[in-house]
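Chain and residue survey
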Amino acid sequence: MSFLKLIIFVICLHAFSAFSATYNCEPATTSGGYNYDQWSAVHVPFELKSSGLTMTLGDNIADWSVIYTVYADIGMQTASCTSDYWLQGISMYYTLFSQAPLVGTQGKDYIYSTDVPGIGVSVTANEKAAGVKSYPSVVYYGAPTVGFGFWANIKFWKIPGNIPMNNGPVTVTGPEAAVVLMSDGSNFTSSESSRITSDGMGYISSSRILTLTMMFQPGTCNVDGDNVKVNMGEYDGADGHSGWKDASFKLTCPNGMGYGGGVSTNKSSSHDGYDFPYSLPTDSTITANNMKNGRVQISIVPYTEVVDANKGIIALDGTGAQGYGIQLAWGDYSSQNEIEPANPVVLNSYVSANSLNSGFGAGDTPIGGNAFNGTDNTIKMAARYVRTTGETAPGPANAVVQVIANYE
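Predicted model only: the values in this text are computed from it and were never measured. (Residues numbered from 1 in each chain as written. Predicted model: local features only at pLDDT ≥ 70, side-chain atom pairs only at ≥ 80, totals over all residues. Heavy atoms only, no water.)

Looking at the sheet that holds strand β27 (residues 378–379)
In spatial order, the strands read β17-β19-β27; together these three strands make up an open sheet with antiparallel pairing. The two strands at the open ends of the sheet, each matched to only one other strand, are β17 (222–223) and β27. Of the pairings in the sheet, the one linking β17 to strand β19 (residues 249–252) comprises two bridges and is antiparallel in character. By the bridge assignment, Asn 222 is partnered in β19 with Thr 252. (Pairing = 2+ DSSP bridges. Helix = DSSP H or I, 4+ residues; strand = E, 2+ residues; numbered from the N terminus.)

Set out below in structure tokens:
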């Protein structure tokens, strides 16, 4: 029995010694001007936008919806470690380097958050049809070959959280998608120490920082004239409220371009991995958006304290009159009820623009179309002074609200 144990111990020791090694990996030569030796040439942002496709981000896109898809070669194997990879046991793998957490999975897609709230990204190694996760998790490909590309399906997702709806483009930065050389139980060294993984178990042959810039446009509408000033006149405090004043505004919305489209690079394209692509080739194929934006919705957000949200009453700004507030109601000021309005503005809550002006669409907005198809884009709103609580004092009586209007 003791002899058998000794034999097993010797065999295990021999196997361990055979597969444990330290490999030195260096960049390939600069033959042909490919700049293989420059880490700065392979560790770069990769721009995933398509100049031929614009998308509108609405405020009510369902979580885990795909908002944009890319199929492209995003990197290549650039290192030389040994002349005989198979005998040395070195293989090529795909992985992600990301400080962002894994936020969800959809089938084979592992979705990581980006630097923009509400937007996530996943990478799938196309040849293996396998989802790529953050290192030290890796996807095996095979023997490394200098110049071999990392063909990937990249999806941008709506994840839990609110996508910023401010005017202007949204810039998204995701993880680094990398080609890594590894061998079971072995360590790697290089004159370029930044290309060695933190655990010393792999050599980063190339990596691409996935970015998407100037691609999305917020589905936010504008109030004509930007700032609308409502002259409330004078009020003597009688009857608990003043007369109604016109606080209407005109709403102009951009076309709703929809989302869900994408771009694909053909392997027969004029570019290949040797070009060290930093962005999509100009001959990439565009797939049109296939998801519509919803209808336009409006919310009134006060800058001052809310006295009664359901009755549309806000406090004054405190610089003058005391004991009074301002009440807001939807509809023409001349037909408002003097006691209680029939349709008060519910503050900090969305209402369909169609319910206030039938010229705005009641359903989803056609891709490339506008939510407004009427002749007068006025949203009628009325305002009046009302008595609130506390001691009264005369003086200027001012308040400010923000109108937020966007596609669902």
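Here the narrative resumes.
Here's the deal with the nonpolar core
Burial of nonpolar side chains together is a common tendency in soluble globular proteins. If you look at the biggest cluster of nonpolar residues, it comprises 47 residues, and the most contacted ones within it are Tyr 68, Ile 119, Phe 150, Ile 154, Phe 156 and Phe 216. With residues near it in sequence (within four places) discarded, Ile 119 still touches Leu 57, Ile 67, Ser 113, Thr 114, Phe 156, Trp 157, Ile 159, Ile 163, Val 170, Val 172 and Phe 216. In this structure, Cys 221, Ala 321, Leu 347 and Ala 371 belong to the second largest nonpolar core, which totals 30 residues. (Core = buried A, V, L, I, M, F, W, Y, C linked by side-chain atoms within 4.5 Å. Buried < 20%, exposed > 50% of the residue type's maximum accessible area, 1.4 Å probe, protein only. Contact = heavy atoms within 4.5 Å.)

Details of the sheet that holds strand β22 (residues 296–302)
Pairing within the open sheet is antiparallel, and its three strands lie in the order β26-β22-β29. Of all strands in the sheet, those bounded by a partner on one side alone are β26 (351–352) and β29 (401–407). Here seven bridges tie β22 to β29, and the two strands are oriented antiparallel to one another. Counted as the bridge partner of Val 301 is Gln 402 from β29.

Let's talk about the pairing of strand β8 (residues 102–106)
The pairing of β8 with strand β9 (residues 109–113) spans four bridges and is antiparallel. Bridging from a neighbouring strand, Thr 105 pairs with Tyr 110 of β9. Remark: two residues form the turn of the hairpin made by β8 and β9, two consecutive strands paired antiparallel; Gly 107 in that turn has positive phi of roughly 65°.

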